[in-house]
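Now for the letters of each chain:
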Amino acid sequence: MLNTQTMSPVNPPRRQFTRQRRQLVASERRACGRAASLHLIKLQQRLPPNARIGLYYDGFGELPTQPLLDWCLRLGYQAYLPVVGSLGRDDKGDDDKRLRFIPIYHDKLINVPTQVHPLGMKQSHNRKLFWASELDVIICPLVAVDKQGNRMGMGGGFYDTTLGKDYQSGVKKPLKIGWCYDFQVVEQLKRQPWDVPLDGLITPSGIRWF
């Protein structure tokens, strides 16, 4: 007899998406970034003047984030980059996964002085560090996202840890926005209790709110 219970979705392997991202040539990535940036005006409508925007380095074949920095500069928004490990270890002796953010004072991400974290991402260092709750928007990196706003990250749990407490308490700030290629959008992902869903998603084909 067939089991009529609804089966939980099985997440596709991360390498399926990371491989597809890396197969894009530079001109394709730039074209997709420009197309996605055309939809930022709809995000702008939800932001205060002088908004604070958290970005990230696109160091793993992601949709380019330089268009996001260009947008911030045009509108007078202050852009920030995440810093991993600035809080040392937690009370259990594990690395504290909460991200903090530093302001960007360059007009090109490639010109920001960086160090490579052991996990492979580039990050900058600055004496002035901001909490996620001090930002208006955080553009969240992702490997895949579904049509309900559930996000598959790289597996480190940094963004879920950083945003989880405020999300569970109902705090609306910051807005959590995904930024990715259209092929990274899937029908449904399996969601874990600690996952923090996105508020919105921008791809080259448009913007959607959840």
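See the structure above.
In this text the structure is predicted, and so the values were computed from the model without any measurement.

Participant: Now, about the packing of aromatic side chains: what can you tell me, with residues and values included?
Facilitator: All chains considered together, the criterion is met by three aromatic pairs. Where Trp 71 meets Tyr 77, the ring centres are 5.2 Å apart and the plane angle is 80 degrees; that geometry is what we call edge-to-face. Here Trp 71 matches Tyr 77 in class, with each residue buried. Geometrically, the ring pair formed by Tyr 181 and Phe 183 is stacked, given 5.2 Å between the ring centres and 5 degrees between the ring planes. Phe 183 gets classed as partly exposed once you look at its relative accessible area, which sits at 25%. One residue, Arg 46, lies across the ring of Trp 209, its end atom 3.6 Å from the ring centre.

Participant: Give me the pattern of salt bridges: which residues, what numbers.
Facilitator: Applying the stated criterion across every chain yields a total of five salt bridges. Notably, a salt bridge pairs Asp 58 with Arg 29, separated by 2.9 Å at the nearest N-O pair. You can see Asp 58 sitting in the loop between β1 (52-54) and α4 (66-75) and its partner Arg 29 sitting in helix α2 (residues 26-37), a full 29 residues away along the chain. Judged by its relative accessible area of 22%, Asp 58 falls in the partly exposed class. With a shortest N-O distance of 3.1 Å, Lys 147 and Glu 187 are connected by a salt bridge. Taken as a pair, Lys 147 in the loop between β8 (144-146) and β9 (151-152) and Glu 187 in the loop between β11 (185-186) and β12 (200-203) lie far apart in primary sequence, 40 residues in all.

Participant: Just give me the short version of α4, but keep the residues and values in it.
Facilitator: Of all the residues in α4, the buried ones are Gln 66, Pro 67, Leu 68, Leu 69, Trp 71 and Cys 72. Looking at the buried residues of α4, the elements they touch are α2, α3 (40-44), β1, β2 (78-83), β7 (137-140) and β10 (175-179). Looking at the residues trailing α4, positive phi occurs at Gly 76, about 80 degrees.

Scoring rules and cut-offs
- Residues numbered from 1 in each chain as written.
- Predicted model: local features only at pLDDT ≥ 70, side-chain atom pairs only at ≥ 80, totals over all residues.
- Heavy atoms only, no water.
- Phe/Tyr/Trp six-rings, centres within 6.5 Å; stacked < 30°, edge-to-face > 60°.
- Buried < 20%, exposed > 50% of the residue type's maximum accessible area, 1.4 Å probe, protein only.
- Lys NZ or Arg CZ within 6 Å of the ring centre and 35° of its normal.
- Salt bridge = Lys/Arg side-chain N within 4 Å of Asp/Glu carboxyl O.
- Helix = DSSP H or I, 4+ residues; strand = E, 2+ residues; numbered from the N terminus.
- Contact = heavy atoms within 4.5 Å.

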